[in-house]
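# Observations on the three-dimensional arrangement
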Amino acid sequence: MTGKLYIVGTPIGNLDDMSIRALRILKEVDLIAAEDTRHSIKLLNHFEIQKKMVAYHQHNEQRSSEGLIDLMKQGQNIALISDAGMPLISDPGSVLVKNCVAQDIAMEVVPGPNAGLCGLVLSGLDTRQFLFLGFLGKENKAIKEGLERIKASVVTAVLYESPHRLSKTLEILVNNDLGHRQMSISREITKRFEESRYGTIEEHQAYYQDHTPRGEYVLCIEGRTQEEGTPGQNMDLKAMTIKEHLDVYIHDGMPEKEAMKQVAKDRGLSKRDIYNEVKR
């Protein structure tokens, strides 16, 4: 019989957050695929789990996933874990999961902590809907795209940031007319020095000019304010391609069908015209 892939969430700091089910699965599987085996061995040793591990990270995803698929076809059960939290959420794993779907290999998720969701519920901002962007990125193109989505979004945006990039990211946000927005910054969630701070982005920037960032950060930024107007109000939407025009509304959280209807209205076209242009 074909084996199964277990996608296992692990603690993001406090080891007491390890679930009973996660412990059972890690003890029962034939193999553990870990983002960094040197890091994960500490977790396994703490819980006295002796299990063979293989590395599965962003630099070997394609090659490693092929080998893991072959092992599951031979009947082995495999657990996928990241360094902390839920695999695939700003961590490797999507290639393996896509291959399992394509080849009809069974999967189960074993839920665990997630820094982004923890930061969101601590933020004091609207949690009914949110835009998760993970790390904003280092390349200009990725940064620009992320900023456009934050600017257009009327829902809370959630970002991850490392300590050595935090001050630069705050500077970028302020320099792109976002300094007035409310933001929470949470660091070291579930760990000994866990801390959440609240204020405008400009206030956070001023604070970190005098305080050295330490630990891993979750940034939660309030959605577009009433003073900023509605999404696209200050953009020349008709100067964009239809696909770019559509993306303005979709990035803001509007369902695709509603977004197509709005683009058609903006441009004086039929919804079918928009559909045909986008789908061709």
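Anything mentioned here points back to the structure above.
From a predicted model like this one, the values you see are computed outputs, not experimental measurements. (Residues numbered from 1 in each chain as written. Predicted model: local features only at pLDDT ≥ 70, side-chain atom pairs only at ≥ 80, totals over all residues. Heavy atoms only, no water.)

Further remarks concern helix α8 (residues 201–210). All buried positions along α8 are accounted for by Ile 201, His 204, Gln 205 and Tyr 208. End-on view of α8: buried residues confined to an arc of 100°, all on one side of the axis. With respect to the buried face of α8, the exposed residues turned more than 90 degrees away are Gln 209 and Asp 210. Residues of α8 that are buried make contact with α7 (163–178), β8 (182–187), β9 (195–200) and β10 (217–221). (Buried < 20%, exposed > 50% of the residue type's maximum accessible area, 1.4 Å probe, protein only. Helix = DSSP H or I, 4+ residues; strand = E, 2+ residues; numbered from the N terminus. Arc of directions from axis to C-beta. Contact = heavy atoms within 4.5 Å.)

Counting 22 residues, the largest nonpolar core has Ile 150, Leu 170, Ile 201, Leu 219 and Ile 221 as the members making the most contacts within it. Looking at this core, the elements with two or more residues in it are β6 (130–135), α6 (140–152), β7 (156–161), α7, β8, α8 and β10. Top contributing element to this core by residue count: α7, with six residues. Sequence-distant contacts of Ile 201, that is, excluding residues within four places in its chain, are made with Leu 170, Leu 173, Val 174, Leu 178, Gly 179, Arg 181, Met 183 and Ile 221. Residues Ile 32, Phe 47, Met 53 and Ile 81 belong to the second largest nonpolar core, which totals 18 residues. (Core = buried A, V, L, I, M, F, W, Y, C linked by side-chain atoms within 4.5 Å.)

This next bit is on the side chain of Asn 114. Relative to the helices and strands, Asn 114 resides in the loop between β5 (107–110) and α5 (115–122). Overall, Asn 114 belongs to the buried group, its relative accessible area being 12%. A distance of 2.8 Å separates a polar side-chain atom of Asn 114 from the backbone nitrogen of Leu 117. Leave out the neighbours within four places in its chain, and Asn 114 touches Ile 12, Ile 89 and Tyr 160. (Polar contact = N/O pair within 3.5 Å; in protein donor to acceptor, adjacent residues only side chain to side chain.)

On the secondary structure map, Asn 60 appears in the loop between β3 (53–55) and α3 (61–73). Among the polar contacts listed, one links the side chain of Asn 60 to the backbone nitrogen of His 57, at a separation of 2.8 Å. Those residues within four positions of Asn 60 in sequence are excluded, and the remaining contacts are Ala 55 and Ser 65.

This part is about the pattern of salt bridges. Evaluation of the coordinates by the stated rule reveals nine salt bridges. Of the charged contacts in the structure, one is a salt bridge between Lys 4 and Glu 108, with a shortest N-O distance of 2.7 Å. Of this pair, Lys 4 sits in the segment before β1 (5–8) while Glu 108 sits in strand β5, placing them 104 residues apart in sequence. Given a relative accessible area of 28%, Glu 108 falls into the partly exposed group. (Salt bridge = Lys/Arg side-chain N within 4 Å of Asp/Glu carboxyl O.)

What follows covers the sheet that holds strand β4 (residues 78–81). Reading across from one edge, β3-β2-β4-β1-β5 is the order of the five strands in this open sheet, with parallel pairing throughout. Edge positions in the sheet fall to β3 and β5, since each of these pairs with one other strand and no more. Direction aside, the axes of adjacent strands within the sheet are offset by 25° on average. Relative to β4, β1 is paired through three bridges, and the arrangement is parallel. Residue pairing across strands places Ile 7 opposite Leu 80, the latter belonging to β4. Where helix α1 (residues 20–28) meets the sheet, it contacts β1, β2 (31–34), β4 and β5, and its direction lies at approximately 135° from that of β5. (Pairing = 2+ DSSP bridges. Axes fitted to C-alpha atoms, helices over the stretch in contact; angles between N-to-C directions.)

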